[in-house]
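# Report on the structure
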2 protein chains.
Amino acid sequence: MLDTLDLKLLEEVADLHGLPQGAYNIRKNGQAADRKTTANIDIITKKDKPGIDIVVKPGTKEESVHIPVILSQSIGDLVYNTFEIGAYADVLIVAGCGIHNPSSEKAQHDGIHEFFVRKGARMKYIEKHYGEGEGTGQRILNPKTIIEVEEDGIVEIEMIQIKGVDHTVRDTEVRLQKNARLIVSERLLTNLEQTAISNITVELLGDESTAQIISRSVAQDNSHQDFHLNMYGYSKCRGHIQCDSIIMDQAHVTSSPMISALNTDAQLIHEAAIGKIASEQLIKLMSMGLTEDEAEAAILKGFLK
Amino acid sequence: MLDTLDLKLLEEVADLHGLPQGAYNIRKNGQAADRKTTANIDIITKKDKPGIDIVVKPGTKEESVHIPVILSQSIGDLVYNTFEIGAYADVLIVAGCGIHNPSSEKAQHDGIHEFFVRKGARMKYIEKHYGEGEGTGQRILNPKTIIEVEEDGIVEIEMIQIKGVDHTVRDTEVRLQKNARLIVSERLLTNLEQTAISNITVELLGDESTAQIISRSVAQDNSHQDFHLNMYGYSKCRGHIQCDSIIMDQAHVTSSPMISALNTDAQLIHEAAIGKIASEQLIKLMSMGLTEDEAEAAILKGFLK
């Protein structure tokens, strides 16, 4: 059912060589392509709309769920996935969408992911987006991610989009209860005429909750990036947003974060910087024998790592 | 024409003990109260609307213009002032508004100040806002400041509002041409049920233009502060926004800056922090014999200096 092209897309979005270990659900061109569950992880097809429920039993340790989506034809695909991460579980979720669009029509995947991370649970969530294809049809990915983190929960998110996606609007909302912890790492590269909008809103609701967002991006050619990173402190909490962008060519980058303290014991910090590659860095690498292009590529790779 | 109360307000908003040196125009309760011009500085009453034109001759050095506004009764006052700062002039402009509202009706002053800072000119602009009065009537100040800075111009702005103003919406727009420089220093303290909104937008239009905004605020009691500090880099330019707030009691502070790079050679940085007074600082001062209240007052004074 999965051909060579599918396997290549799977590798790009989920670092998979063949089928993954643990639980998985592979969605191809809007249809369920393959699924595996484990004793601790159920995957159930939703009855009322397209998508799945992923249920991780309380206390499940060191298991993973891969839910890649691949599109190899022009199609509009909308999916709703709901994740229940049971109390004190510790799991890795790898979602990602790879588009190979050979046509002149657009290929679009909109995924709405809702997570309930229960008391004391720990989740690492990796979302990787990738596009390719010889067609002129646009590749569009609009992920919406909603995460509720209960008391003592820990959520780590890696959101990566490296090349090939023409338009993306990424909406991420996280609510943190008492002593819950969030770490978000965003990596974004756009080129050509691409546009990317990233909206992240974090609500620090519970005392001792903490959140850190680190966003790094590179904008090349005529691409546009727009970051709206918002943090609301309603409690005795700590939040930190850091947003660094490298602009090249005729690219435009806008960074408009917001920190809002609604409690005297909220401590919120934001830092943002936009600029080009430092010429000293280029010169140093070129003095070591790299060409300018190689030096630039090395710096960008390090920056987005 | 000026009574003891007026002189006290003048001292608060313009550090004046009696009438100022140099050119001045004192506006009291919506009327011109006193005016002095110099050989180099003209002050002309506008014919089409309330307000004055202040014209500083090119090359004028080390002169000052004081244009305080005082309200000692409940009144709605709207004034348009236009400043022409001639090429290579170097002047100090002190504007400020003091309200003593004895009544239960509101006293409001809206000032629209437009500045043309010509080639190579240098202007320091100080704007101080102050309110007092035993009445229950609200004291409202809405300054709008628009500044065009031509090539090689240097503008330094101090905007200070310490207590006594119930509502303020401060709009500041600055456009910088080639090699022009801007330094903005904002100091704001709100208490009781006060609200303050500060919108600052800086457009870095010319190559080698630079802008720095440093905003410091303290929010006490149930007061609300909202900062929208925006910087657009259209050229080979550098911009830096720094926004620090101390929150106390039940106060709310929101800081939503935006940096937008529309040129690869634009370098823009933003930093913001919101938090309460560091307890180590308090403890240190209290160990030196200060009471908690004294220690707090000393820290706030230093922070807003």
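Model, not experiment: these values are computed from the prediction. Each chain has its residues counted from 1, running along the sequence as written. Chains and ligands are labelled by the order in which they are written, letters from A for the one and numbers from 1 for the other. A pLDDT threshold of at least 70 governs which residues receive local features in this predicted model, and a stricter bar of 80 or more applies before side-chain atom pairs are shown or counted, although totals over entire chains, interfaces and linings include all residues. Hydrogens and water are ignored here; the side-chain numbers use all heavy atoms of the structure.

### So, the packing of aromatic side chains
- Within 6.5 Å between ring centres, the rings of Phe, Tyr and Trp (the latter by its six-membered ring) count as paired, and their orientation is classed by plane angle as stacked under 30 degrees, edge-to-face over 60, tilted in between. For the structure on display, the rule yields 6 aromatic pairs over all chains.
- Residues B:Tyr232 and B:Tyr234 carry aromatic rings whose centres are separated by 6.2 Å and whose planes lie at 15° to one another, so their mutual orientation is stacked.
- Under the scheme applied here, a residue whose accessible area is under 20% of the maximum for its type counts as buried, over 50% as exposed, and between as partly exposed, the area being computed with a 1.4 Å probe on protein chains only. Residue B:Tyr232 is classed as partly exposed on the basis of its relative accessible area of 25%.
- Site record: aromatic cluster; members linked through ring pairs are A:Phe83, A:Phe115 and A:Tyr125.

### Structural notes on the packing of helix H2 (residues 279–287) of chain B against helix H3 (residues 292–304) of chain B
Residues and elements named next belong to chain B.
- The interhelical angle for the contact between H2 and H3, taken along N-to-C directions, is 120°, at an axis separation of 9 Å. The angle between H2 and H3 falls in the class oblique. When you trace H2 past H3, the crossing you get is right-handed. Contacts between H2 and H3 pair Gln281, Leu282, Leu285 and Met286 from the former with Glu292, Ala295, Glu296, Ala298 and Ile299 from the latter.
- Counted by class, the contact of H2 with H3 contains 6 nonpolar, 1 polar and 2 charged residues. Axis definition: a line fitted to C-alpha atoms, over the contacting stretch in the case of helices. Angles run 0 to 180 degrees between N-to-C directions. A run of H or I in DSSP counts as a helix once it spans at least four residues, and a run of E counts as a strand once it spans at least two, with each numbered from the N terminus. Roughly parallel means an angle under 35 degrees; roughly antiparallel, over 145; roughly perpendicular, 65 to 115; everything else is oblique. Each crossing gets its hand from how the near helix is turned against the far one by less than a right angle, where anticlockwise is left-handed and clockwise is right-handed. Contact definition: two residues touch when any of their heavy atoms are within 4.5 Å. Each residue is assigned to one of three groups, with Ala, Val, Leu, Ile, Met, Phe, Trp, Tyr, Cys and Pro labelled nonpolar, Asp, Glu, Lys and Arg labelled charged, and all others, Gly among them, labelled polar.

### With respect to the pairing of strand E12 (residues 167–176) of chain A
All names here are of chain A.
- Burial along E12 is one-sided: Thr168, Arg170, Thr172, Val174 and Leu176 are buried, and none of His167, Val169, Asp171, Glu173 and Arg175, which face the opposite way, are.
- Between any two strands, at least two bridges found by DSSP are needed for them to pair. When strand E10 (residues 139–149) meets E12, the two strands line up parallel, connected through 8 bridges. The partner of Ile147 across the bridge, within E12, is Val174.
- With 10 bridges joining them, E12 and strand E14 (residues 195–204) adopt parallel strand pairing.

### Some points on the UniProt feature "domain: SUF system FeS cluster assembly SufBD core" (unreviewed entry) in chain A
- Listed under "domain: SUF system FeS cluster assembly SufBD core" (unreviewed entry) in the UniProt record, and renumbered for this structure, are residues 85–303 of chain A.
- In residues 85–303 of chain A, helix accounts for 10% and strand for 60%; the two terminal C-alpha atoms are 32 Å from one another. UniProt positions are given in the numbering used here, feature names are shortened, and annotations may be inferred rather than shown by experiment.

### Considering the nonpolar core
- Among buried residues, the Ala, Val, Leu, Ile, Met, Phe, Trp, Tyr and Cys ones that are joined through side-chain atoms within 4.5 Å form a nonpolar core. In terms of nonpolar packing, the biggest core is built from 104 residues, with A:Ile85, A:Val202, B:Ile85 and B:Val202 touching the most fellow members.
- Beyond its immediate chain neighbours, meaning those up to four positions away, A:Ile85 contacts A:Val56, A:Val91, A:Ile93, A:Phe116, A:Val117, A:Arg118, A:Ala121 and A:Met123.

### A closer look at helix H1 (residues 4–14) of chain B
Residue and element names in this part refer to chain B.
- When we look at burial in H1, the residues that qualify are Asp6, Leu9, Leu10, Val13 and Ala14. Angularly, the buried residues of H1 cover 105° about the axis, an arc narrow enough to put them on a single face.
- Here the buried face of H1 lies against strand E1 (23–28), strand E5 (61–71), strand E7 (90–100) and strand E9 (122–132).
- Looking at where H1 begins, the residue whose side-chain oxygen comes 3.1 Å from the main-chain nitrogen of Leu5 is Asp3. Of all possible arcs, the one meant is that of the directions from the helix axis to the C-beta atoms. Think of a polar contact as two N or O atoms within 3.5 Å of one another; within protein, one of them needs to be a possible hydrogen donor and the other a possible acceptor, and neighboring residues in sequence only count if both atoms come from side chains.

### Comments concerning the relation of the copies chain B and chain A
- Once chain B is rotated about the relating axis by 180° and shifted along it by 0.0 Å, it coincides with chain A to within an RMSD of 0.0 Å. Such values leave the two copies arranged in the relation of a two-fold axis. The position closest to the rotation axis in chain B is occupied by the C-alpha of B:Glu271, lying 2.2 Å away. Superposing copies: least-squares fit, C-alpha atoms only, residues required to have pLDDT of at least 70 in both.

### Considering the environment of B:Gln194
- Inspection of the secondary structure puts B:Gln194 in the loop between strand E13 (181–190) and strand E14 (195–204).
- Discounting residues that sit within four places of it in the chain, B:Gln194 has contacts with B:Gly164, B:Val165, B:Asp166, B:Leu189, B:Ser223 and B:His224.

### Some remarks on the pairing of strand E20 (residues 267–275) of chain B
- Pairing analysis gives 7 bridges linking strand E20 (residues 267–275) of chain A to E20(B), with the strands arranged antiparallel. Counterpart to A:Glu271 in the pairing with E20(B) is B:Glu271.
- As judged from the 9 bridges shared by strand E17 (residues 238–247) of chain B and E20(B), these two strands associate in the parallel manner. Paired with B:Ser245 across the two strands is B:Ile274, which belongs to E20(B).

### Here we look at the pattern of salt bridges
- What makes a salt bridge here is a side-chain nitrogen of Lys or Arg within 4 Å of a carboxyl oxygen of Asp or Glu, nothing more. Inspection of every chain in the model, using the stated rule, returns 32 salt bridges over all chains.
- A salt bridge links B:Asp53 to B:Lys46, with the nearest nitrogen and oxygen atoms 2.6 Å apart.
- Measuring nitrogen to oxygen at the nearest pair gives 3.3 Å for the salt bridge that ties B:Lys236 to B:Glu208. With B:Lys236 in the loop between strand E16 (224–233) and E17 and B:Glu208 in the loop between E14 and strand E15 (210–219), this residue pair connects regions lying 28 residues apart in the sequence.
- Given the relative accessible area of 39%, B:Lys236 is considered partly exposed.
- Here the residues in one salt-bridge network are A:Lys144, A:Glu148, A:Glu173, A:Arg175 and A:Glu203, joined through shared partners.

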